[in-house]
Amino acid sequence: MDLFHRKLQGKDTRTGRDCEFCFHADPDFARRNPMDRMVVSKLEDTAASHLTEDGYVKHRIAELLKKRTASYVKADMARSA
């Protein structure tokens, strides 16, 4: 890191902020590229609001993993009832 560049904090910027859904759903969120973590500030935390294509894809993967774990929980509850 040189004197003319600062380390990105991954917080709010003029155009974006960290996606809260991905922050809670993706265990690898902290290792993502900072631009892949960001969504447009004025939009909800959806895949389409991500600033990059990689962010969009990773958000969709997190949604699918969340749905899959929810279906496992429902199946286990049905068996125990």
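For the structure itself, look to the data block above.
Keep in mind that this is a model prediction, so the values were computed, not measured.

Conventions and cut-offs
Sequence order as written defines the numbering, with residues in each chain counted from 1. pLDDT decides what is reported in this predicted model: residues at 70 or higher carry local features, side-chain atom pairs at 80 or more are listed and counted, and totals for whole chains, interfaces and linings draw on all residues regardless. No hydrogens and no water enter the side-chain calculation; it runs on all heavy atoms of the structure. Only DSSP runs of H or I with at least four residues qualify as helices, and only runs of E with at least two residues qualify as strands; both kinds are numbered from the N terminus onward. Definition of a polar contact: a pair of N or O atoms within 3.5 Å, with one able to donate and the other able to accept a hydrogen when the atoms are protein atoms, and with sequence-neighbouring residues admitted only if both atoms are side-chain atoms. Any Lys or Arg side-chain nitrogen located within 4 Å of an Asp or Glu carboxyl oxygen qualifies as a salt bridge. Think of it in three bands: residues with accessible area under 20% of the maximum for their type are buried, residues over 50% are exposed, and the middle band is partly exposed, with areas taken using a 1.4 Å probe on protein chains only. A patch is a set of surface residues, each over 30% in relative accessible area and not in a salt bridge, joined within 9 Å for like charges and within 5 Å for the nonpolar side chains Val, Leu, Ile, Met, Phe, Trp and Tyr. Where accessible areas are quoted, they stem from the Shrake-Rupley method and a 1.4 Å probe; at the residue level, only the protein chains shown are allowed to cover. The contact rule is simple, with two residues in contact once any of their heavy atoms fall within 4.5 Å.

Caption draft 1: Structural detail: the environment of Arg60. Here Arg60 shows up in helix 3 (residues 53–80). Of the polar contacts made by the side chain of Arg60, one reaches the side chain of Glu63; its length is 2.9 Å.

Caption draft 2: Representation of the pattern of salt bridges within the structure. This structure, assessed with the given rule, holds 4 salt bridges. We note a salt bridge from Asp45 to Arg17, for which the minimum N-O separation is 2.7 Å. Residue Asp45 is found in the loop between strand 2 (38–40) and helix 3, and its partner Arg17 is found in strand 1 (residues 16–18); the two are separated by 28 residues along the sequence. Residue Asp45 is classed as partly exposed on the basis of its relative accessible area, which comes to 23%. Judged by relative accessible area, Arg17 falls into the buried class, the value being 18%. Close ionic contact of Asp26 with Arg32 constitutes a salt bridge, the shortest N to O distance being 2.9 Å.

Caption draft 3: Highlighting the side chain of Asp26. Mapped onto the fold, Asp26 is located in the loop between helix 1 (20–25) and helix 2 (34–37). Side chain to side chain, Asp26 and Arg32 meet in a polar contact 2.9 Å long.

Caption draft 4: Seen up close, a nonpolar patch on the surface. Together, Tyr56, Val57, Ile61 and Leu65 give the surface a local cluster of nonpolar side chains, amounting to about 330 Å² of exposed area. Note on Val57: relative accessible area 38%, which makes it partly exposed.

Caption draft 5: Spatial organisation of the environment of Asp36. Tracing the sequence through the fold places Asp36 in helix 2. The exposure class assigned to Asp36 is buried, which follows from its relative accessible area of 6%. Separated by 18 residues in sequence, Asp36 and Asp18 have C-alpha atoms that sit 8.9 Å apart. Ignoring any residue separated from it by four or fewer positions in sequence, one finds Asp36 in contact with His50, Thr52, Asp54, Gly55 and Lys58. Only 2.6 Å separates the side chain of Asp36 from the side chain of Thr52, close enough to count as a polar contact.

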